[in-house]
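One-letter residues, chain by chain:
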Amino acid sequence: MRLIGIVNVTPDSFSDGGLYLDADAAIAHGLELIAEGAEVLDVGGESTRPGAEAVDANEERRRTEPVVRALAGAGHAVSIDTSKASVAEAALDAGARIVNDVTAFRGDPDLAGLCAERRCEVVLMHMLGTPRRMQDDPRYDDVVLDVKAFLAERIERAVAAGVEEERIWIDPGIGFGKTLAHNLELLRRLGELRDLGRPIIVGTSRKRFIGTITGREAGERIGGTVASSVLAVEAGAEAVRVHDVIEVREALSVAEAITRRRAWGTDERMAPPRGEAA
Ligand code: HH2
C-alpha cells in the first residue's frame, strides 16, 4: 500500500488553492505530510478541477521545480502531477521518480518518450474530455468497462513508446468526466480493473461526489474521503492519493488490522497507547 500526499502549488486547486503557492509553504506542507505518514508526495502546479484554466508550461515549471527539488533532495519519493513534458523533465532532473499524467499521455506527444528514456514510474489516469468541459453531461455505455478499455489501450500505447510495463500504474480518474453514479459504480466495481495486471491508484480526496452525498464543502469532506479511500483499498487499490494523510492512514491501519485479523500489540507500531483498552 502506498499513501500519496497531495502538494498543490497552485492558486486555484479546488480544495486548497492558494494555501501553498509559495515554494516554502509547499515544501513545509510536503514535509508535514511525510511526518503524518505519506510515502509519496504528488506535486502539482496546475489545477485540473472542472472548468480550470490551463497554465503555461514555464509558470507550471516555476511553481513545481523548487518544491520537487527540496522534497526529493530531503530523500522523499516525489511524483510530478503534470501532462507537459517540459514540466516533467524539470521535475525528473530535480529528483522526481514518478510522472502522474491525468491525460494518460494524450496531452503532450513528448511525455511518453521522456518517461521511457528516464525509466521513471508513470500513472496513467482515465479522463473523459478536458478539465474545462469534462463535467458537461458525461456518458458511458458501461463506465467500468469503458474506463477499463481506455486504460488497456493507454498501457499498450505507453509500452509501444518504450515505457516498461512494470513501471505503469493505472487510475480510474474519480471525478474526471463522471457523474455521481459513475464515480460510485467505479468504486464499487474497482476490482474489475485488476484484470489489467497493473497496480491501481485511486483519488477520491475531498472530491465533489462526496459533497453531493454529504452536503459538505471541499475542506469538510474528510469523513467521505476516509470512507471511500478505505473501501478503495479493500476493493483492490494499491495506492490512494489524499490531502488528509493522517486521518486516512489511521483509518487504513484500523481497517487492515480488522481484515488481517491482526490483534493489537502483536506489532510494536500498532500497540495501543499506554493505559488504553485494546
Ligand atoms: N485528482 C486530481 C489531480 N490529479 N491524479 C491522479 N492520478 N488521480 C486523481 O484522482 C487526481 C490526480 C484532482 O485533485 P487535486 O489535485 O486536489 O485538485 P486540483 O486538480 O484542483 O489541483
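Structure: see above.
Engineer: What is the right way to read the site of the ligand from this model?
Structural biologist: By nearness alone, 17 residues border the ligand, and Ser13, Ser47, Thr48, Asp171 and Lys207 come closest of all. Serine 13 is positioned such that a nitrogen or oxygen atom in its side chain is 2.4 Å from an oxygen atom of the ligand. In the environment of the ligand, a nitrogen atom lies 2.7 Å from a nitrogen or oxygen atom belonging to the side chain of aspartate 171. Here the shell around the ligand is built from residues that sort into five nonpolar, seven polar and five charged.

Engineer: Would you mind going over the packing of helix 5 (residues 143-160) against helix 6 (residues 180-188) with me for this structure?
Structural biologist: Geometry of a packed helix pair, given as the angle between the helix axes and the separation of the axes. Close contact between helix 5 and helix 6 brings their axes to 9 Å; oriented N to C, the two are set at 70°. In terms of orientation, helix 5 lies roughly perpendicular with respect to helix 6. Contacts between helix 5 and helix 6 pair Val143, Val144 and Val147 from the former with His182, Glu185 and Leu186 from the latter. When grouped by side-chain class, the residues that make up the contact of helix 5 with helix 6 number four nonpolar, one polar and one charged.

Engineer: What is the right way to read helix 5 from this model?
Structural biologist: Along an α-helix, residues three or four positions apart point the same way, because every turn accommodates 3.6 residues. Spanning 18 residues, helix 5 covers 26 Å between terminal C-alpha atoms, matching the ideal 26 Å at 1.5 Å per step. Turning to helix 5, its buried residues are Val143, Val144, Val147, Lys148, Phe150, Leu151, Arg154, Ile155 and Ala158. Across the axial projection of helix 5, the buried residues extend over an arc of 165°, all falling on one side. The outward face of helix 5, more than 90 degrees from its buried face, is lined by the exposed residues Glu156, Arg157 and Ala160. Buried-residue contacts for helix 5 involve strand 5 (121-125), strand 6 (168-171) and helix 6. Structurally, the start of helix 5 carries an N-cap: the backbone nitrogen of valine 144 is 3.0 Å from a side-chain oxygen of aspartate 142. One or two residues past the end of helix 5 sits glycine 162, with phi positive at roughly 110°.

Engineer: How do you make sense of empty space enclosed by the protein when you look at a structure like this?
Structural biologist: Where empty space is left can be seen by rolling a probe of water-molecule size over the atoms. Within this structure, the stated rule accounts for one cavity of 30 Å³ or more. In terms of lining, the largest cavity is formed by Arg2, Ile4, Val40, Ile98, Glu121, Val123, Trp169, Ile201 and Ala239. Looking at the lining of the largest cavity, the elements that each hand over two or more residues are strand 1 (2-8) and strand 5. For the lining of the largest cavity, the class distribution of residues is seven nonpolar, no polar and two charged.

Definitions and cut-offs
Residues numbered from 1 in each chain as written. Predicted model: local features only at pLDDT ≥ 70, side-chain atom pairs only at ≥ 80, totals over all residues. Heavy atoms only, no water. Near = heavy atom within 4 Å. Polar contact = N/O pair within 3.5 Å; in protein donor to acceptor, adjacent residues only side chain to side chain. Nonpolar A, V, L, I, M, F, W, Y, C, P; charged D, E, K, R; others polar. Axes fitted to C-alpha atoms, helices over the stretch in contact; angles between N-to-C directions. Helix = DSSP H or I, 4+ residues; strand = E, 2+ residues; numbered from the N terminus. Parallel < 35°, antiparallel > 145°, perpendicular 65-115°, else oblique. Contact = heavy atoms within 4.5 Å. Expected span 1.5 Å × (residues − 1). Buried < 20%, exposed > 50% of the residue type's maximum accessible area, 1.4 Å probe, protein only. Arc of directions from axis to C-beta. 1 Å grid on protein atoms, 1.4 Å probe; cavity = no way out; pocket = protein on both sides within 12 Å on 5 of 7 lines; lining within 4 Å. Points joined across faces, edges and corners; volume = space filled by probe spheres on them.

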